[in-house]
Amino acid sequence: MIELKHSFNLLVSINAYLAKRREELGRSDTGTLKPRVLTQEKDGIVIYTWNDLVVSQSKPDSSNPVTHIGLYDPTSQQHKVVWTYDTKVKIVSCSINQNKTLLAFTTVTIQKTDDGKSGKDLFQAYLVELQASDSRVFSLNLEKSCFLKVQFLYPGHGEQMLLKEAFLLVFLHKESVALYSIQLSRFGDKGIYMRDQPKTEQIIQKFVWCQWDPQNQQLHYIYNCRHDNGTVYQKFSSIQFYQNAKNDSMMDLPLNFPFPHIRSKFKSRYADRPLCPGIPDVAVNATVLTQPNGTICICYKHHKSQSNPAEYRSDSQTHHDEESINYYICMVHHAKTIQGCVSGLSQSILGSRRLSFHWLGDYLMVLLPGFFVHLLNVSIEYEPCHHIMLHNENKPLKSKVTLSPAAQSCGPLPVSFTSDVEEKDHKPATVRFQESEEHTLCTSPQPVSIQEVTDEEIPVTSVISENARTIHTLSSCTGFCKDISSSSICLYDYHSGCVWRLSVSLDDLFQCFRTAYSSTRQALFHYLLLKSKDLFTLKKVFADICQDATNPEIPTALVEFLITTTYSSMKRQLGREVLRLLPFTSVDTFRGQFVKDSAGVLFARLSYTALGSINFSTKTARDRMSRKHEDIWDILRKHLRLKQIDAPKRFLQDKVKGTYTQHIRNEKRRLSWEYVSKEQSFLGHVTAGSCNRSVFGESTLTVADSFPGRQSRADTVLGAVPGFLKGGLGEDNTAFNILLSLTEQMLTGHLTHHLKKDSRVKAQNVAKEYVSCQVQQSRQLCHILWSVAGFTPEESMPDLSEPGSDEEYELFQLLERFYLTVTEKSFPLPSGFRTYFTALGFRCMQLNLFLQYVDHGVLELTGDFISQLLTDVPDDGDDGENVKLKYAIISRLPKTAAEECFKLWNHPLCLRYFAHHQVAEILLETTSTPAVKSSSKSDATWTVKDRANSEGRDNVSTASDSSVCAGVFQPLASLIDYLEKKTEERDSFMYTLPQHTPVFDIPVTKHWLGLEEKKQLKNGSTGECSTD
């Protein structure tokens, strides 16, 4: 997934500059130069040092090397020598102020004992005036056996650069951090000098670990504390620096992971690690990563038996086959700590490599090149979930790894010369930079020829491939890649001097998705939906998931798509305050995660623990209220306070389902077709004899159709939108509108409850837009499934007279899962989907199974489908099967809709239906009259009326011609009432009733639907009775 590409080689560039400089100085001799990169300042300037001979008028034949300090600007790609010392020293820390007027550096010398053996390391700090006519070097009068680090302060964002004052931080490991205020003055043409002795101020006292953040001008450190019972624990604290070196202690919190108890009396070992932002203590691998949106993470890799050096040495001499790596990510903004454990790694291999922590967008990357990479979703915008854990399961058997020539070409690349200027220094003339935590001496890389390899020969490889195992330690750097994006970073490998660019490759992402464990597959899918948004890769992922329609991952993927893409659409137009209330995933957050290998063995897991407390300075919080702009600390403090007082919860789409179901049940009578007006009839604008396939064809135009030259991005990847997704006629949108209205109402209430008063006015607008995005994403998901199945828009509405193909059956299975997922999560179905889904089911399923789907509400008989059924399926089938089929389907509609379809069909069976029901109306008409002749008839009539009223007309089924009003005397009683009524009318008006025509033999014509009969029906009973 993460692509590793060689971008630049810093050591090659430095050595090329030094070789050119030698030529310009007229140096004819050659020698091996081994430059060492020290640090990088806030403006991107890289400081490096090297030892070389110096040619001067005072010492023209000097053969003693001296130490030089140079600068490299990645933006302009220019080198510059800023200062040359008069002797050869080992510089381990260096910093230059923004005006380039002062240079501070730290040297280390190894003291010798009386017997000639190496003794203690002596660290000394110096200050140099760079723009003075007579360059002067001042000692800070610090000679310590612990590491000394120097660092100039730079102005923050929006702050002015100081010309007459500079501020220097001096870090004395395990003892203190001091602030030096240096006053500067210009003396005519003599340049800029220090005007007076620097003023010192102690910022912090004893500490065991620290890190300087040059971009944000922040100091993070860890120090020891004691409980009342005497036990030692560690606290983390941060200091923010502002204009004129003003600083605030922002927060402190007790660490809830096993940080080592580092004592002052124990001697620390330091590694020669370039671009190290803090003290390069071998015993501690910790990093603090921050983002402007308030995300703060304390990253720490736990070392086995690191608190006791003797035990550490004894353990390093033992060889075990496998070892586990444990790391901790303390998410201050979430008040949680993630514990990660990776097992099954060779101890001998891990001994020479360093676990590193970096940002990749808003994912925190835990990286061990060639072995594993974890992308942790720890941003303040989301609750932690969907962590991506990728591993190389090809474990090396031995500590020595044999790589291909292409991979070996990524190794050290400094320039090679023949003389021996620094041969004496080749042994670790280091800071007792004895063994680093990699168990090897961190000296300068071995020289090779600059012509050995070119950038074109260095392959682009995955960060977990075996070729990446040549990379041992990576440090973050800035400014080397001009086209850097949010999904890529630059890292520096100090063993080779290479600057690597790490970026997300969508092709690799898809390959990782195919082979990854289930939890990682979900995380990759979520990343693709929320971060990448690449439809081409998304289509390939869906094609892989949907190969088997019974795959249990399909419903999970569909739900994740609907929720995540809806959130992503809203993210482009809403602020952080509203987004924290909208759902962004379908899975539970703050849950552990694990990964198994192909053999089913657990080898990586993640778990969570809660932080006990986080303390912010009260005075600082009050003082910062008057600031015009919020910074990282303001956002973090408000976020944590909100979580403590009234933790806002994201809107749950599942709550809509229960309310919607209950609402539909209560409004069932309103949704009945019995009460639909003629303008909203079942068949809509579909007329008898017309083929409604044109509804789904080219006659329906969209905005994109109006401009043939334009094609949306989705249409380019997925193909044109199928006709049925452009909307269909004859579908009842009542339930659809109720669902949208209910979702909008519930989301508005949720937003109003959790938003501030000044933000509540836009809650309803946000809810409307959210519902609109739901409709859009539901439609796009259906389009993706259609495209994955390989269908074209011309095949939108199938012919119902022919059975479906195997491809159509697979599509029906996918759309069935889509329907179940959408209805389960109460998302709206696309307009026109129900008609096409029913038509596809009719072609692909047997009739009895199809009718079961209809009876259970999975398939809906829409006006378009019925019209298409009457048009495509002929009535003259074998043995009248088609007629029975049509009648069985139409009879499952509500009465009003069925009668409308019967009128459109105009089949003799329909005429028979109307005749029977007309006779039933006539026979039941007299049941409402109170006059009866006998008690027995009265009882019979009352029974008919009572049962008719109790059952109601809404529940009358038209599925068969059997009588609804069951009773022994009911037909006889109705007939007698009818005959008596006709007899009375004859006697009154002197009409005679024909003696030879029975009631049931009256021809079924339109005459019995005249106005007089309709008036009689209106005045009669509402009951029904069959004539059979």
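From a predicted model like this one, the values you see are computed outputs, not experimental measurements. (Residues numbered from 1 in each chain as written. Predicted model: local features only at pLDDT ≥ 70, side-chain atom pairs only at ≥ 80, totals over all residues. Heavy atoms only, no water.)

K.L.:
So what's going on with the overall build of the protein? Residues and values would help.
P.N.:
Assigned secondary structure in the protein consists of 27 helices and 33 strands. Expressed as a percentage of its 1028 residues, the buried residues of the protein come to 52%. Here the analysis covers contacts within the protein between residues at least 6 apart in sequence; of these, 66% occur between residues at least 24 apart. (Helix = DSSP H or I, 4+ residues; strand = E, 2+ residues; numbered from the N terminus. Buried < 20%, exposed > 50% of the residue type's maximum accessible area, 1.4 Å probe, protein only. Contact = heavy atoms within 4.5 Å.)

K.L.:
Report on the state of the cysteines, specifying residues and quantitative values.
P.N.:
Under the criterion given, the structure shown has zero disulfides. Sulfur of Cys 477: no disulfide; nearest cysteine sulfur belongs to Cys 490 and is 5.4 Å away. For Cys 477, a relative accessible area of 8% corresponds to the buried category. (Disulfide = S-S within 2.5 Å.)

K.L.:
An account of helix H22 (residues 881-890) is needed here, citing residue identities and associated values.
P.N.:
Within H22, seven of the ten residues are buried, leaving the element largely enclosed by the surrounding structure. Inspection of H22 places Val 883, Leu 885, Lys 886, Tyr 887, Ala 888, Ile 889 and Ile 890 among the buried residues, and these make up the whole buried set.

K.L.:
So what's going on with the pattern of salt bridges? Which residues, and what values?
P.N.:
For the structure on display, the rule yields 20 salt bridges. The closest approach of N and O atoms between Asp 52 and Arg 22, which form a salt bridge, is 2.9 Å. In this pair, Asp 52 is assigned in strand S3 (residues 46-52) and Arg 22 in helix H1 (residues 10-24), connecting sequence segments 30 residues apart. Exposure remark for Arg 22: the relative accessible area of 6% places this residue in the buried category. A salt bridge links Asp 588 to Arg 591, with the nearest nitrogen and oxygen atoms 3.4 Å apart. (Salt bridge = Lys/Arg side-chain N within 4 Å of Asp/Glu carboxyl O.)

K.L.:
Tell me about the packing of helix H7 (residues 535-545) against helix H8 (residues 553-571), and please be specific about residues and values.
P.N.:
The contact between H7 and H8 brings their axes to 10 Å, and the two run at 155 degrees. Between H7 and H8, the interaxial angle falls into the category roughly antiparallel. Of H8, the residues touching H7 (which contributes Leu 538, Phe 542 and Ile 545) are Glu 553, Ile 554, Ala 557, Leu 558 and Phe 561. (Axes fitted to C-alpha atoms, helices over the stretch in contact; angles between N-to-C directions. Parallel < 35°, antiparallel > 145°, perpendicular 65-115°, else oblique.)

K.L.:
Give a description of the side chain of Gln 124 that names residues and reports values.
P.N.:
Considering the arrangement of structural elements, one finds Gln 124 in strand S8 (residues 118-129). Within the local environment of Gln 124, its side chain forms a polar contact with the side chain of Tyr 126, the two groups lying 3.1 Å apart. Ignoring any residue separated from it by four or fewer positions in sequence, one finds Gln 124 in contact with Phe 105, Thr 106, Thr 107, Leu 142, Glu 143 and Leu 148. (Polar contact = N/O pair within 3.5 Å; in protein donor to acceptor, adjacent residues only side chain to side chain.)

K.L.:
Which residues make up the packing of helix H21 (residues 863-872) against H22, and what values go with them?
P.N.:
In the contact formed by H21 and H22, the axes pass within 11 Å of each other and the chain directions differ by 170 degrees. Between H21 and H22, the angle is such that the two are roughly antiparallel. Handedness of the crossing formed by H21 with H22: left-handed. In contact with Phe 865, Ile 866, Leu 869 and Leu 870 of H21, H22 contributes Leu 885, Lys 886, Ile 889 and Ile 890. (Left-handed = near helix turned anticlockwise from the far one by under 90°.)

K.L.:
So what about the nonpolar core? Which residues, and what values?
P.N.:
Met 1, Leu 502, Phe 542, Phe 850, Phe 865 and Ile 889 are the most contacted members of the largest nonpolar core, which totals 102 residues. In contact with Phe 850, not counting residues within four places along its chain, are Thr 838, Gly 841, Phe 842, Met 845, Leu 859, Leu 861, Phe 865 and Ile 889. (Core = buried A, V, L, I, M, F, W, Y, C linked by side-chain atoms within 4.5 Å.)

K.L.:
Report on the packing of aromatic side chains, specifying residues and quantitative values.
P.N.:
Summed over all chains, the structure comprises 41 aromatic pairs. With a centroid separation of 5.9 Å and an interplanar angle of 10 degrees, the aromatic rings of Phe 8 and Tyr 72 are classed as stacked. Separated by 64 residues along the polypeptide, Phe 8 in strand S1 (residues 2-9) and Tyr 72 in strand S4 (residues 66-73) bring together distant segments of the chain. Here the two residues Phe 8 and Tyr 72 agree in accessibility, since each one is buried. Between Phe 724 and Tyr 836 the ring centres are 4.2 Å apart and the planes differ by 5 degrees, which places this aromatic pair in the stacked class. One end of the pair, Phe 724, is in the loop between helix H15 (713-718) and helix H16 (734-754); the other, Tyr 836, is in helix H19 (residues 833-844), with 112 residues separating them in the sequence. Judged by relative accessible area, which is 1%, Tyr 836 ranks as buried. Feature note: the residues Phe 812, Phe 818, Tyr 819, Phe 833, Phe 837 and Tyr 853 constitute an aromatic cluster, connected by ring pairs. The ring centre of Phe 590 lies 5.6 Å from the NZ or CZ of Lys 336, which sits over that ring. (Phe/Tyr/Trp six-rings, centres within 6.5 Å; stacked < 30°, edge-to-face > 60°. Lys NZ or Arg CZ within 6 Å of the ring centre and 35° of its normal.)

K.L.:
Describe H16, listing the residues and the values that go with them.
P.N.:
Across its 21 residues, H16 extends 31 Å between first and last C-alpha, which sits within 8% of the 30 Å expected from 1.5 Å per residue. Among the residues of H16, Ile 738, Leu 739, Leu 740, Leu 742, Thr 743, Glu 744, Leu 747, Thr 748, His 750, Leu 751 and His 754 are the ones counted as buried. (Expected span 1.5 Å × (residues − 1).)

K.L.:
Now, about the side chain of His 783: what can you tell me, with residues and values included?
P.N.:
Looking at where His 783 falls in the secondary structure, it is placed in helix H17 (residues 763-788). Excluding residues that lie within four positions of it along the chain, His 783 makes contacts with Asp 715, Leu 718, Gly 719, Ala 720, Val 721, Pro 722 and Leu 725.

K.L.:
Give me the lowdown on the pairing of strand S30 (residues 498-504), citing residues and values where you can.
P.N.:
Counting buried positions along S30 yields seven of seven residues, so the element is predominantly enclosed. Burial of the side chains of S30 extends over both faces: Cys 498, Trp 500, Leu 502 and Val 504 are buried on one face and Val 499, Arg 501 and Ser 503 on the other. Where strand S29 (residues 488-493) and S30 come together, six bridges link them in antiparallel fashion. Bridge pairing links Cys 490 to Arg 501 in S30. Hairpin remark: S29 followed by S30, antiparallel, with four residues in the connecting loop; positive phi at Gly 497, about 80 degrees. (Pairing = 2+ DSSP bridges.)

K.L.:
I'd love a proper account of unusual backbone geometry, names of residues and values included.
P.N.:
It is generally the case that most residues other than glycine have a negative phi and that most peptide bonds are trans. In this model, Ala 245 sits at a positive phi of 65 degrees, which is unusual for a non-glycine residue. Ala 245 gets classed as buried once you look at its relative accessible area, which sits at 7%. Here the phi dihedral of Ala 335 falls at roughly 55 degrees; this positive angle occurs in a residue that is not glycine. With respect to the secondary-structure elements, Ala 335 resides in the loop between strand S21 (323-331) and strand S22 (336-345). Given a relative accessible area of 23%, Ala 335 falls into the partly exposed group.

K.L.:
Provide a residue-level description of the sheet that holds strand S25 (residues 372-376), including the pertinent values.
P.N.:
Sheet strands line up and pair through hydrogen bonds in the backbone, either parallel or antiparallel. If you walk across this open sheet you meet the four strands as S23-S24-S25-S26, and the pairing is antiparallel. The open sheet terminates on both sides in strands that have one partner only, identified here as strand S23 (356-360) and strand S26 (388-391). The average undirected angle you get between the axes of adjacent strands in this sheet is 20 degrees. Where S23 lies against strand S24 (residues 363-368), five bridges are found, and the strand directions are antiparallel. Each residue of the ladder has a partner; that of His 358, found in S24, is Met 365. In the packing of helix H6 (residues 518-532) onto the sheet, contacts are made with S24 and S26, and the angle to S26 comes to roughly 120 degrees.

K.L.:
How would you summarise the environment of Phe 914 if you had to cite specific residues and measurements?
P.N.:
Tracing the backbone shows Phe 914 in helix H24 (residues 908-925). The class for Phe 914 is buried, based on a relative accessible area of 17%. Note: C-alpha distance between Phe 914 and Lys 903 (eleven residues apart in sequence) is 9.4 Å.

K.L.:
How would you explain the environment of Ile 489 if you had to name every residue and give the values?
P.N.:
Counting through the fold element by element, Ile 489 comes out in strand S29. A relative accessible area of 13% means that Ile 489 is categorised as buried. As a C-alpha pair, Ile 489 and Val 504 span 15 residues in sequence and 9.9 Å in three-dimensional space.

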